[in-house]
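Commentary on secondary and tertiary structure
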Amino acid sequence: MLLAVFLFVFIGLRVMPVPAFLEDFGFHKRDAQKNEQQWASLPINYASSPACAQCHQSNYTSWQQGDHRTVSCENCHGPANIHLEGKALPVVDTSRELCGTCHAKLTARPASFPQVDMNEMGGDSKCITCHNPHDPRAGMPPQVPHTLENRAQCLSCHGQHEPWLRPPPQVPHTLEGRTQCLSCHGPEVIKATVVPRVPHTLDGRAECLVCHNSGGIKPFPENHAGRTSATCLSCHQQG
Amino acid sequence: MGNKISRRQLIKDGGKTLLGGIFILSVPSLLRSFTRTEEPPNPAAAAQLDQRDWETRYWGFICDTEKCIGCGRCVVACKLENKVPWEPEYNRTWVERYIFTMDGEVFVDSPNAGRDGFTAEPMNLKYQNLDVSKSFFVPKLCNQCDNPPCVTVCPVNATYRTEDGVVLIDQEHCIGCRYCIQACPYGARYVLPEASSTHFGQVRVVDKCTWCYHRISKGLLPACVEICPVGARVFGDLRDPDSPVRKMLSEKRVYVLKPTLGTEPKVYYVGFEKGVQ
């Protein structure tokens with residue numbers, strides 16, 4: 001009986017002061033609202049792109065219209081708030097490496113994302129010498145401004161020629177390895193089109209139109225009307 | 001030996017003691033449970049806090065692995081926004097690259113936690129001769145679990161889940177025991193090193209992603225979401241039917257990391273693949 005009373009009293013005294021939850025006692029007491037307020041009041045460094053538009057309107061407009069419009073200003077220019085407070089000029093990273101972090105070719109990147117081989121593209125020069133970083137496609141090769149009907153031979157006008165009254169623009173770059181003008185200078189639909197290659201040998205087949213004329217075995221498409229055998233191979237390569 | 005207790009007496013007394021003990025043990029918790037239900041939350045104090053609306057806001061996060069290009073700008077933005085130490089060992093967010101080969105092997109890497117991107121030559125040579133079947137990037141960050149194991153284990157009650165669904169740490173309260181780091185199945189927590197300059201001046205305490213609590217409580221996006229150039233990170237209010245997160249959750253098939261652990265994460269992944277942990 002004595003033992004029972006002792007245990008009863010001991011356990012009672014032992015247990016009563018110990019609460020089931022410690023969070024309201026002593027050091028365990030934590031002020032959640034004060035802590036949330038502290039976290040919520042930390043300084044903000046990234047100001048978001050619209051903040052830049054206040055002063056840099058022209059760059060902002062060209063950025064908004066370009067393919068980089070999803071890339072916020074602070075990606076390349078760094079966090080802007082310190083600049084907005086007038087304390088520092090933003091750091092602009094114009095290195096090839098920065099462009100490469102997104103555009104260098106990687107297997108893991110989505111195939112639809114534009115990627116280039118950094119070892120081949122542009123040598124050692126900065127990407128921004130050709131590409132406008134705010135509107136990257138603005139610096140791309142000019143597109144043909146006129147209709148292409150009956151004008152398959154670009155170089156008959158745009159190559160080396162005698163002085164004309166109003167000369168068409170000459171090709172400003174080397175033609176080595178560049179036989180397909182339209183793959184760069186054509187409108188998007190043409191650039192995307194793959195020119196069919198000649199699937200057979202050319203031995204004894206110098207005259208393409210024997211087979212490929214309208215009414216032939218495999219006639220050329222309608223938009224090829226008027227072209228002679230002389231020009232076929234400048235676009236349709238063998239193999 | 002006069003006080004000898006018979007077996008019957010021992011069982012009787014012992015049983016009484018046990019029952020009495022159990023009764024007494026239950027008193028404080030019973031009392032507490034009564035008082036608890038009577039204590040209403042303080043709505044006035046909550047409203048003062050940036051006018052946050054506890055009734056409507058409950059944050060959620062989506063990572064789109066089909067869009068992520070592994071540029072690592074999110075890691076940089078997070079470090080600059082939150083004073084996370086620049087060294088690659090300390091991260092609130094990081095990017096992992098998964099490579100699945102035709103043989104069924106899985107390679108995972110995260111050079112410098114993705115801070116400098118994945119394009120540097122030395123890190124890619126290792127993967128040059130693999131017969132890759134598929135490969136993609138997986139951004140990682142604190143999942144702000146609805147059932148957070150890190151909160152359960154904290155011995156000093158320094159970490160907790162807020163009403164708007166973010167797990168925060170009271171760094172003035174944290175004793176740096178690292179129990180939560182062991183408990184987190186996603187590796188989201190780290191200890192602030194001695195030499196770091198932190199917002200609250202505390203070092204050797206635990207730090208982790210807060211979904212940029214200072215930004216989201218002012219209506220801004222987390223820095224990593226703000227900076228992502230391809231929109232691979234989406235953030236918003238799970239209770240707002242028009243929020244980008246809710247719209248995306250209803251349009252896309254999503255998954256969470258380690259769902260079998262019952263942590264109920266609030267970072268959802270689009271384009272999930274078996275084998276991603």
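Worth saying up front: this structure is predicted, and the values here are computed from it rather than measured. (Residues numbered from 1 in each chain as written. Chains lettered and ligands numbered in written order. Predicted model: local features only at pLDDT ≥ 70, side-chain atom pairs only at ≥ 80, totals over all residues. Heavy atoms only, no water.)

Moving on, we come to the overall build of chain B. Helix and strand content of chain B: 9 helices and 11 strands. The proportion of buried residues among the 277 residues of chain B is 51%. A total accessible area of about 13800 Å² is found for chain B, and carbon and sulfur atoms account for 54% of it. (Helix = DSSP H or I, 4+ residues; strand = E, 2+ residues; numbered from the N terminus. Buried < 20%, exposed > 50% of the residue type's maximum accessible area, 1.4 Å probe, protein only. Areas by Shrake-Rupley, 256 points an atom, 1.4 Å probe, with all protein chains shown as cover.)

This brings us to the confidence of the model for chain B. Overall, the predicted model of chain B reaches an average pLDDT of 87, with 89% of residues at or above 70. Here residues 37-50 of chain B is modelled with pLDDT under 50, and outside its nearest four sequence neighbours on either side it reaches 13 contacts, counting other chains as well. (pLDDT = per-residue confidence, 0-100. Contact = heavy atoms within 4.5 Å.)

Below, the discussion takes up the sheet that holds strand β3 (residues 106-109) of chain B. Sheet strands line up and pair through hydrogen bonds in the backbone, either parallel or antiparallel. Residue and element names in this part refer to chain B. Within the open sheet, the 3 strands sit side by side as β3-β2-β4. Their pairing is antiparallel. Of all strands in the sheet, those with a lone pairing partner are β3 and β4 (132-141), marking the two edges. Each strand of the sheet is rotated relative to its neighbour by a mean of 20 degrees, with strand direction disregarded. Bridge count for strand β2 (residues 93-101) against β4 is 9 bridges, and the pairing is antiparallel. (Pairing = 2+ DSSP bridges. Axes fitted to C-alpha atoms, helices over the stretch in contact; angles between N-to-C directions.)

What follows covers the environment of Asp103(B). All names here are of chain B. On the secondary structure map, Asp103 appears in the loop between β2 and β3. You can call Asp103 exposed: its relative accessible area is 66%. For the pair formed by Asp103 and Leu130, sequence separation is 27 residues and the distance between their alpha carbons is 9.6 Å.

It is worth spelling out helix α3 (residues 73-82) of chain B at this point. Counted residue by residue, α3(B) has 9 buried out of 10 residues, so it is predominantly covered. On the buried face of α3(B), the contacting elements are α5 (74-77) and α7 (96-103) of chain A together with β2, α7 (213-216), α8 (223-227) and β9 (233-237) of chain B. Lys83(B) sits one or two residues past α3(B) and shows a positive phi near 55 degrees.

Our next topic: the side chain of Thr159(B). Residues and elements named next belong to chain B. For Thr159, the position within the fold is in strand β5 (residues 159-161). Here Thr159 falls in the buried class, since its relative accessible area comes to 2%. Within the local environment of Thr159, its side chain forms a polar contact with the backbone oxygen of Leu168, the two atoms lying 2.8 Å apart. A distance of 2.8 Å separates polar atoms of two side chains, one belonging to Thr159 and the other to Arg189. (Polar contact = N/O pair within 3.5 Å; in protein donor to acceptor, adjacent residues only side chain to side chain.)

As a further point, take α7(A). Burial in α7(A) covers these residues: Arg96(A), Leu98(A), Gly100(A), Thr101(A) and Cys102(A). Buried residues along α7(A) sit in contact with α5 of chain A together with α3 of chain B.

On to the interface of chain A and chain B. Of the residues lining the interface, 53 residues belong to chain A; the matching set on chain B comes to 69 residues. Approximately 5200 Å² of surface area, both sides summed, lies buried where chain A meets chain B, with 61% of it carried by carbon and sulfur atoms. In this assembly, chain A and chain B are joined by 1 salt bridge. Our enumeration of links across chain A and chain B arrives at 16 residue pairs in polar contact (both at pLDDT 80 or more). (Buried area = accessible area lost by both parts, 1.4 Å probe. Salt bridge = Lys/Arg side-chain N within 4 Å of Asp/Glu carboxyl O.)

Next up on the list: the sheet that holds strand β1 (residues 59-64) of chain B. All names here are of chain B. An order of β9-β1-β11-β10 is seen for the 4 strands of this open sheet, with the pairing classed as mixed. Every interior strand has two partners, whereas the edge strands, β9 and β10 (254-255), have only one. Where β1 lies against β9, 5 bridges are found, and the strand directions are antiparallel. Residue Trp59 lies in a different strand from β9, and its bridge partner there is Asp237.

Another point: the nonpolar core. Among the nonpolar cores identified, the biggest contains 46 residues, and Phe61(B) and Trp211(B) are the most heavily contacted of them. Those elements that provide at least two residues to this core are α2 (32-40) of chain A together with β1, α3, β2, β4, α7, α8 and β11 (267-270) of chain B. Within the second largest apolar cluster, 15 residues are counted, among which are Cys78(B), Cys150(B), Val191(B) and Val205(B). (Core = buried A, V, L, I, M, F, W, Y, C linked by side-chain atoms within 4.5 Å.)

Turning our eyes to something else, we now look at a nonpolar patch on the surface. Residue and element names in this part refer to chain A. On the surface, Met1, Val5, Phe8, Val9 and Leu13 cluster together into a nonpolar patch covering about 500 Å² of accessible area. Of note, Val5 is situated in helix α1 (residues 2-15). Relative accessible area serves as the criterion here: at 44%, Val5 is assigned to the partly exposed category. (Patch = residues over 30% accessible without salt bridge, like charges linked within 9 Å, V, L, I, M, F, W, Y side chains within 5 Å.)

Here the focus is the packing of aromatic side chains. In this structure the tally under the stated criterion is 14 aromatic pairs over all chains. Aromatic pair Tyr60(A) and Trp63(A): ring centres 5.2 Å apart, planes at 45 degrees, arrangement tilted. Of the two residues, Tyr60(A) and Trp63(A) are both situated in helix α4 (residues 57-65); the distance of 3 residues between them amounts to about one turn of the helix. With 6.3 Å between their ring centres and 65 degrees between their planes, Tyr269(B) and Phe272(B) make a pair best called edge-to-face. Residue classification places Tyr269(B) among the buried positions, given a relative accessible area of 0%. When its relative accessible area of 23% is taken as the criterion, Phe272(B) is described as partly exposed. These aromatic residues form a ring-pair network of at least three members: Trp59(B), Phe61(B), Trp211(B) and Phe235(B). (Phe/Tyr/Trp six-rings, centres within 6.5 Å; stacked < 30°, edge-to-face > 60°.)

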